[in-house]
Amino acid sequence: GNVGPGVLALPLHFARIGPVYGTIVMVIIATQGIYGMWVLVRAQQLAAKLSSHQPPSTARLQQQQQQRPLCFEGVGNAAFGPSGRRLVASCVLCLQLGVCAVIIGLLTTNLHAEFSDKLSRHMAVLIAYVPCVLLAQLPDLTALWPLSLFGNMAMLLALGSSV
């Protein structure tokens, strides 16, 4: 899913448009997200079914595909060939760069607001950007589970203290 930092804006938008319209919009967006996930799983199932009808010479490729779940780029490739794979990869890249820009912007704004007397805006951007670059160098983010667990626990604590 690509909810990302947009979740942080939900309270403001609910306050602006009201709970009735806010709930309607949220249901529409949730439906779109769930439908997208369903389409991806269905495409994966169809691609697996089609690959089972391939000649024996592609048995190795078929075995590799069965071991890895089909990703968005794999769906693009299955549907439209290499051009579809490149197009989908480009769209995912743009989407993720946009999410990164929002996160870096939020971090920068908070750092600058807290340390405005000691920190220029440019330095705040640099401080927010460096950890993102370092994390992007990791080939596998599963080793970060303790950090993710800490973040989830901190979020639950913050939500629990606000209730």
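Residues numbered from 1 in each chain as written. Predicted model: local features only at pLDDT ≥ 70, side-chain atom pairs only at ≥ 80, totals over all residues. Heavy atoms only, no water.

A.B. asks: When you look at the overall build of the protein chain in this model, what are you seeing that I'm missing?
C.D. replies: What the protein chain contains, in helices and strands, is seven helices and zero strands. Counted from the first residue to the last, the protein chain has its helices and strands arranged as α-α-α-α-α-α-α. Across the protein chain, every contact between residues at least 6 apart in sequence was considered, and the portion connecting residues at least 24 apart equals 33%. (Helix = DSSP H or I, 4+ residues; strand = E, 2+ residues; numbered from the N terminus. Contact = heavy atoms within 4.5 Å.)

A.B. asks: Sorry if this is basic, but what is going on with a nonpolar patch on the surface here?
C.D. replies: On the surface, a nonpolar cluster with roughly 700 Å² of combined accessible area is contributed by I17, V20, Y21, I24, V25, I28 and I29. Element by element, the count of residues in the nonpolar patch is highest for helix α2 (residues 19-51), at six residues. Checked against the element boundaries, Y21 lands in helix α2. Under the relative-accessibility criterion, Y21 is labelled exposed at 58%. (Patch = residues over 30% accessible without salt bridge, like charges linked within 9 Å, V, L, I, M, F, W, Y side chains within 5 Å. Areas by Shrake-Rupley, 256 points an atom, 1.4 Å probe, with all protein chains shown as cover. Salt bridge = Lys/Arg side-chain N within 4 Å of Asp/Glu carboxyl O. Buried < 20%, exposed > 50% of the residue type's maximum accessible area, 1.4 Å probe, protein only.)

A.B. asks: Would you explain the side chain of E73 in this entry?
C.D. replies: By secondary structure assignment, the location of E73 is in helix α4 (residues 72-80). Not counting chain neighbours up to four residues away, the residues in contact with E73 comprise R85, V88, A89 and V92.

A.B. asks: Is there a simple way to explain the packing of α4 against helix α5 (residues 82-114) in this structure?
C.D. replies: The N-to-C vectors of α4 and α5 enclose an angle of 150°; their axes lie 6 Å apart at closest approach. It follows that α4 is roughly antiparallel to α5 by the angle criterion. Read as a crossing pair, α4 and α5 show a hand that is right-handed. Here F72, E73, G74, G76, N77 and F80 of α4 lie close against α5, whose contacting residues are P82, S83, G84, R85, V88, A89 and V92. Here the residues of the contact of α4 with α5 are counted per class, giving six nonpolar, five polar and two charged. (Axes fitted to C-alpha atoms, helices over the stretch in contact; angles between N-to-C directions. Parallel < 35°, antiparallel > 145°, perpendicular 65-115°, else oblique. Left-handed = near helix turned anticlockwise from the far one by under 90°. Nonpolar A, V, L, I, M, F, W, Y, C, P; charged D, E, K, R; others polar.)

A.B. asks: What is the right way to read the confidence of the model for the protein chain from this model?
C.D. replies: As a note on interpretation, predicted positions should not be read in detail where pLDDT is low. Averaged over all residues, the pLDDT of the protein chain is 80; the fraction at 70 or higher stands at 84%. Mean pLDDT across the elements of the protein chain ranges from a minimum in helix α3 (residues 59-67), with 53, to a maximum in helix α7 (residues 145-162), with 87. (pLDDT = per-residue confidence, 0-100.)

A.B. asks: Teacher, can you tell me more about the environment of L111 here?
C.D. replies: As for its placement among the helices and strands, L111 is situated in helix α5. On a C-alpha basis, the gap between L111 and R121 in space is 8.6 Å, while along the polypeptide they are ten residues apart. Residues contacting L111, with those up to four places away along its chain left out, are S116, L119, A124, I127 and A128.

A.B. asks: Looking at this model, I keep getting lost on the side chain of T108. Mind explaining?
C.D. replies: Note that T108 resides in helix α5. Contact partners of T108, with chain neighbours within four places excluded, come to R121, A124, V125 and A128.

A.B. asks: Please explain the state of the cysteines as it appears in this structure.
C.D. replies: Disulfide: a covalent bond connecting the sulfur atoms of a pair of cysteines. What the rule picks out here adds up to zero disulfides. Distance from the sulfur of C91, which forms no disulfide, to the nearest cysteine sulfur (C94) is 6.6 Å. (Disulfide = S-S within 2.5 Å.)

A.B. asks: Even after reading the chapter, I still don't get the packing of α5 against helix α6 (residues 121-136), so can you show me in this structure?
C.D. replies: Relative placement of two packed helices is described by the angle separating their axes and the distance separating the axes. Relative orientation of the contacting elements α5 and α6 amounts to 135°, with a least axis distance of 8 Å. Of the possible angle classes, the one that applies to α5 and α6 is oblique. Crossing handedness for the pair α5 and α6: right-handed. Facing I104, L107, T108, T109, L111 and H112 of α5, the residues of α6 in contact are R121, A124, V125, I127, A128, Y129 and C132. For the contact of α5 with α6, the per-class residue count stands at nine nonpolar, three polar and one charged.

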